[in-house]
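Here's the letter readout for the chains.
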2 protein chains.
Amino acid sequence: MPQLFRKIRELRSFIKTVRCEGNSRTIGFVPTMGYLHEGHAELIKLSKLQNDITVVSIYVNPLQFGEGEDFQRYPRDLDRDLALCGELGVDIVFAPTDEEMYPQKPQVRIEIPGLTDILEGAFRPGHFNGVAIVVLKLLHILQPDRVYFGEKDYQQLKVVQRLVEDLSVQVEVVPVPTVRDKDGLALSSRNTYLTQEERESALSIYRSFLLAQRLFSGGNRDPQVIISAVKDFISKHPHVKKIDYVDIRDEELRPVEKVEEGHRLLVAVWVGTTRLIDNWRFSHEEV
Amino acid sequence: MPQLFRKIRELRSFIKTVRCEGNSRTIGFVPTMGYLHEGHAELIKLSKLQNDITVVSIYVNPLQFGEGEDFQRYPRDLDRDLALCGELGVDIVFAPTDEEMYPQKPQVRIEIPGLTDILEGAFRPGHFNGVAIVVLKLLHILQPDRVYFGEKDYQQLKVVQRLVEDLSVQVEVVPVPTVRDKDGLALSSRNTYLTQEERESALSIYRSFLLAQRLFSGGNRDPQVIISAVKDFISKHPHVKKIDYVDIRDEELRPVEKVEEGHRLLVAVWVGTTRLIDNWRFSHEEV
């Protein structure tokens, strides 16, 4: 079983000791909100492969949830997560309390104009401020050599990469491709909210990506045409309540006038009472 | 002579080596914009006393200067600084180029509402964003155990303390009292801008502090009365062109209705073409 830490101070002193054993061992870090699934497992496996020590944090960060969002409802099961981390060979799990992470409410505000105020940031004001603060805190506490983020939360990955570069954080940010269920649904802890019928409607997201990719492969380069087709396709499904956005952006999430390989299709859709996000990378390869 | 580094990568690998020699040696860090004076020397001496290794950075950070400010004019003399660092026993000097520090312009924006938008922040928009970014970058690059800031730039000290706390940066922020010339003028690299006559007018700042302290010691607790007296006193002097602000705040720079021990009188004054800042801590002790 992994070693479980609840306190920053104890974790810090343990890591200091461990790091100095042998010839400066490398630390890989996988930050999560727990309720781990195969997507997290991919991050962990890669960290195990690339580092001497793997640390997983499990913390549902209140700061990145807006009012009326699903902070209370977000699924939590530490025992199950610990068991899974044990199976995967995780060395250290850090599961702090809110009191430990935020003895007082942070007053700092971190923004990246043009990046934290679009897409998710436009629909979830303050979300990326919360993400930026918790990620910087965790990176400061752990000082890992590498940190792993899933491409499922593509905008979050971009925000973290920008922060790390702009602030010279001494860590390598490693992106990991989205893991999908056999039916194409991107793995997410929030999928547990879905009823079987809603899940069927949620599959429209992945299927709309295949549609978009077919349009692209067929020579269509107009973002508006592809966006409209995706919106039309998704909105036809019975449990789709609302589409927050469907957008196509370049790799750095800048607007594009012409779709090219490497550009991203990004969507946020309400299925029942569940908000799902997903994204797709346009490619010239066969799907 | 101290070891001089121009490149982040070389500094990082040197520090890694040095830190691992012996039983985890501590690193003290004194960030400066160079043109060192006795004030910096105090920071360095304290760092020498408290740490195994002392690092001084010398970098005139363009990001914290506004348009039309004195970035170009700011005094620079690396040879003189290196010699002084040598005399003081500094181990490492880090003097990066702009290209090294900012291969591209940072896009992140860091604010602390109620702290970075008052006093200096109100008169120098973007100043503390630039300070926050460069300080975080330097702390990330060096990962020191302690970092030293002069109380002369009191608001800067508070901004850094807040950042370190909110973001769990693993460093102890050590404040060092302002060093004054025999005539009371707070040491600042910008004092070199002053003519002899302007310097005489600049002394009104320190003398107004003594006046304010006398009012406080005499039982006056009304911030507005003290502020008016200070403004009147300073503005009478011939080379004083403009007073940006005179304010009294508590230790955390919150507004106050009643002056108490530990509260701070803060001023920003234009003397000739030179903008000077200084501050005073109210005390019940004899001056």
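Residues numbered from 1 in each chain as written. Chains lettered and ligands numbered in written order. Predicted model: local features only at pLDDT ≥ 70, side-chain atom pairs only at ≥ 80, totals over all residues. Heavy atoms only, no water.

An unreviewed UniProt entry lists chain A under the name Pantothenate synthetase, from Thermocrinis albus. Taken from UniProt, the Subcellular location (unreviewed entry) comment for chain A reads in full: "Cytoplasm". (UniProt positions renumbered as here; feature names shortened; annotations may be inferred.)

Student: Let's hear about the pattern of salt bridges: which residues, and what values?
Tutor: Residues and elements named next belong to chain A. Within this structure, the stated rule accounts for 42 salt bridges over all chains. For the salt bridge of Lys 7 with Glu 100, the shortest nitrogen-to-oxygen distance reads 4.0 Å. Taken as a pair, Lys 7 in the loop between strand E1 (3-5) and helix H1 (8-20) and Glu 100 in helix H4 (residues 98-101) lie far apart in primary sequence, 93 residues in all. In this structure, the salt-bridge partner of Arg 180 is Asp 278, at a minimum N-O distance of 2.8 Å. One end of the pair, Arg 180, is in the loop between strand E7 (172-176) and helix H8 (196-217); the other, Asp 278, is in strand E10 (residues 274-281), with 98 residues separating them in the sequence. The class of Asp 278 is buried, set by a relative accessible area of 5%. In the salt-bridge network here, residues are joined through shared partners; they are Glu 120, Lys 242, Asp 244 and Arg 275. (Salt bridge = Lys/Arg side-chain N within 4 Å of Asp/Glu carboxyl O. Helix = DSSP H or I, 4+ residues; strand = E, 2+ residues; numbered from the N terminus. Buried < 20%, exposed > 50% of the residue type's maximum accessible area, 1.4 Å probe, protein only.)

Student: Let's hear about the relation of the copies chain B and chain A: which residues, and what values?
Tutor: Note on the chain copies: they are related by a rotation about an axis and a translation along it. Superposing chain B onto chain A takes a rotation of 180 degrees combined with a translation of 0.0 Å along the rotation axis, leaving an RMSD of 0.0 Å. Here the symmetry operator amounts to a two-fold rotation axis. If distances are taken from each C-alpha of chain B to the rotation axis, the shortest is found for B:Ile110, at 2.4 Å. The overlap is high: 100% of the interface residues of chain B also sit at the interface in chain A, so the same surface is used on both sides. (Least-squares fit on C-alpha atoms with pLDDT ≥ 70 in both. Contact = heavy atoms within 4.5 Å.)

Student: Now, about the UniProt feature "active site" (unreviewed entry) in chain A: what can you tell me, with residues and values included?
Tutor: Residue and element names in this part refer to chain A. Mapped onto this numbering, the UniProt entry annotates "active site" (unreviewed entry) at His 40. Following the sequence through the fold, His 40 ends up in helix H2 (residues 38-50). For His 40, a relative accessible area of 12% gives the class buried. Setting aside its immediate chain neighbours within four residues, His 40 contacts Thr 32, Gly 34, Tyr 35 and Ser 189.

Student: Account for helix H8 (residues 196-217) of chain B, with residues named and values stated.
Tutor: All names here are of chain B. Given a rise of 1.5 Å per residue, 22 residues ought to cover 32 Å, and the 32 Å separating the end C-alpha atoms of H8 matches this to within 8%. The largest bend in H8 amounts to roughly 25 degrees and is located at Tyr 206. Of the residues flanking the end of H8, it is Gly 219, one or two places downstream, whose phi is positive at about 105 degrees. (Expected span 1.5 Å × (residues − 1). Bend = angle between axes of the 7 residues up to and from the residue.)

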